[in-house]
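The chain contents come next:
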Amino acid sequence: MAIQKRTQKEIEKDCKRLKEAAKTATTIKELENSTGLSYVMINTTLSKHPTIFKRIKEQLAVNKEKAEAEAQKQKELEAKAKAEEKAKKDAMVKETKQSETVTSNKNDDISGFVIDASITGIEDLRDILSEICSTQDKLILTSVTIKELEKMQNFKDIDGNDARYILALAVENHNSFETVLIDETLDTPDDCIIKYCADHKESVTLLTSDKTMALKARMYSVQVHYFKQTKPTTNFKTISNTNSKVRTLIPANRIGNKLFISKFQTHTMSISIYSNNLEYNDGIRELTVGDDVFIATKKSDYITFAHYKMISLYAENNCELICSKRFYDYNDIDVTDSTYKSFIKDFKLRHDL
């Protein structure tokens, strides 16, 4: 197939296109791409205009030099930006380390008495704390203890009263109290407090009425002042008389000063504990004040459901009944709370109802 030759008019038109493309191109290859002309066609066109060919080659060289300069400048700007970002990150890391060192040094300098929430309800608590406040020693509230006292202060018993008293005393006597942020990643709150005391055993004494906690602390050579609980049994009757919804959580077992649930699922019953927005329904779980406990039981011709909230860690009268219902029609679960519905639905699935 013969190649059709371009006319002189076409060549002149291509020459103008090449001159226009040369304003931004840096190589002959770019001229090819922008004009659609082949290398042979470009040479044929420009060979008829040597002056224009020379100017175009000079323009390509200038453009290339300019492009390389721009690329180098952009590279330098990016390198500078990376260096500034790295310097900023390094400064932040240094500042964080310095802050951690200051906090660590501050905590290392504290000497005094670490309060465990279990001391609420002990005899002469207020006199004991007031006496310490009158000395140079500090009363130390860890972040774990503050959370426990915050939960306890909402309940109308002797522990709730003492929890409110301790928090108020700490706020009003900042010179006598120190609040410290401690590692809260251990298995139990008690273990977190014991670790803090062990790390500072040369300068702190633990105040607790929890037997197990006292023994654990002594294993780590922590100085411990153990207070025996002297809550009278009449407190239970008083609570029951003042609040008819106070109950004893039957499935809970008291070990030392703690309450545990170990049998979450039986052939007729299901239990779930809701604590700090997490649900627990198997294994062994320690109860804390403020936990919500759901219990569903299968009877001969109906289902019972009850929602309890833990108000103390006593063996009796330790929870408040929030809601209770009976359902005779398994397909008509008349509850508005979505959490109730989810729990009861799971109970029906577990027991093939």
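Predicted model only: the values in this text are computed from it and were never measured.

A. Just the nonpolar core, in detail. One finds Ile115, Leu129, Leu139, Ile166, Phe177 and Leu207 to be the most contacted residues of the largest nonpolar core, which totals 23 residues. Looking at this core, the elements with two or more residues in it are strand S1 (112–115), helix H5 (125–133), strand S2 (138–142), helix H6 (143–152) and helix H7 (158–172). Looking at this core element by element, the count peaks at six residues for H7. The residues contacting Ile166, other than those within four sequence positions of it, are Ile115, Thr120, Leu125, Leu129, Leu141, Leu149 and Phe177. Of all hydrophobic cores here, the second largest spans 18 residues; its members include Val180, Ile194, Tyr196 and Cys197.

B. A look at the sheet that holds S2. Read across the open sheet, the five strands follow the order S3-S2-S1-S4-S5; overall the sheet is parallel. At either margin of the open sheet sits one strand with a lone partner, and together these are strand S3 (177–180) and strand S5 (223–226). Ignoring which end each strand starts from, the neighbouring axes of this sheet average 30° apart. Note that S1 and S2 share three bridges and pair parallel.

C. Representation of the packing of aromatic side chains. Under the criterion given, the structure shown has seven aromatic pairs. Arranged with centres 5.6 Å apart and planes meeting at 80°, the rings of Phe294 and Phe305 form a pair that is edge-to-face. Note that Phe294 is positioned in strand S12 (residues 292–298) and Phe305 in strand S13 (residues 303–310), a separation of eleven residues in sequence. Both rings, one in Phe294 and one in Tyr340, keep their centres 5.2 Å apart while their planes meet at 75°; by these two values the pair is edge-to-face. Here Phe294 is found in strand S12, whereas its partner Tyr340 is found in helix H11 (residues 338–350), with 46 residues between them in sequence. Accessibility expressed as a relative area gives 11% for Tyr340, which makes it buried. An aromatic cluster is defined as three or more aromatic residues linked by ring pairs; in this entry it consists of Tyr274, Phe294, Phe305, Tyr340 and Phe343. A cation over an aromatic ring shows up here: Lys57 above the ring of Phe53, its NZ or CZ 4.9 Å from the ring centre.

D. Layout of the side chain of Asp210. Note on placement: Asp210 falls in the loop between strand S4 (204–208) and helix H9 (211–219). Here Asp210 occupies a buried position and makes no salt bridge, while the nearest side chain of opposite charge, Lys258, is found at 4.2 Å.

E. Examining the pairing of S1 more closely. At this point the chain moves from S1, through H5, to the parallel S2, and the crossover so formed is right-handed. Relative to S4, S1 runs parallel, the two being bridged by four bridges. Each residue of the ladder has a partner; that of Ile115, found in S4, is Leu207.

F. Local environment of the packing of H6 against helix H8 (residues 189–199). In the contact formed by H6 and H8, the axes pass within 9 Å of each other and the chain directions differ by 145°. Within the contact between the two elements, H6 uses Val144, Thr145 and Glu148 and H8 uses Pro189, Cys192 and Ile193. Looking at the contact of H6 with H8, its residues break down into four nonpolar, one polar and one charged.

G. Here's a closer look at helix H2 (residues 28–35). The set of residues buried in H2 consists of Leu31, Glu32 and Thr35. Considered in projection along H2, the buried side chains sweep an arc of 100° and stay on one side of the axis. Residues of H2 that are exposed and point over 90 degrees away from its buried face: Lys29, Asn33 and Ser34. Positive backbone phi, at 80°, marks Gly36, one or two positions downstream of H2.

H. Just unusual backbone geometry, in detail. Despite not being glycine, Asp124 has its phi angle at roughly 60°, a positive value. Along the chain, Asp124 turns up in the loop between S1 and H5. By relative accessible area, which is 44% here, Asp124 ends up partly exposed. Located in the positive-phi region is Asn317, a residue other than glycine, with phi close to 45°. By secondary structure assignment, the location of Asn317 is in the loop between S13 and strand S14 (319–327). Overall, the relative accessible area of 11% leaves Asn317 in the buried class.

I. A look at the confidence of the model for the protein. Residues of the protein with pLDDT of at least 70 account for 90%, and the chain-wide mean is 84. Low pLDDT (under 50) marks residues 232–243, which in the prediction has eight contacts with non-local residues, meaning those over four places away or in another chain.

Thresholds, definitions, all that
- Residues numbered from 1 in each chain as written.
- Predicted model: local features only at pLDDT ≥ 70, side-chain atom pairs only at ≥ 80, totals over all residues.
- Heavy atoms only, no water.
- Core = buried A, V, L, I, M, F, W, Y, C linked by side-chain atoms within 4.5 Å.
- Buried < 20%, exposed > 50% of the residue type's maximum accessible area, 1.4 Å probe, protein only.
- Helix = DSSP H or I, 4+ residues; strand = E, 2+ residues; numbered from the N terminus.
- Contact = heavy atoms within 4.5 Å.
- Pairing = 2+ DSSP bridges.
- Axes fitted to C-alpha atoms, helices over the stretch in contact; angles between N-to-C directions.
- Phe/Tyr/Trp six-rings, centres within 6.5 Å; stacked < 30°, edge-to-face > 60°.
- Lys NZ or Arg CZ within 6 Å of the ring centre and 35° of its normal.
- Lys, Arg positive; Asp, Glu negative; His and termini not counted.
- Salt bridge = Lys/Arg side-chain N within 4 Å of Asp/Glu carboxyl O.
- Right-handed = clockwise from strand over helix to strand, strands pointing away.
- Nonpolar A, V, L, I, M, F, W, Y, C, P; charged D, E, K, R; others polar.
- Arc of directions from axis to C-beta.
- pLDDT = per-residue confidence, 0-100.

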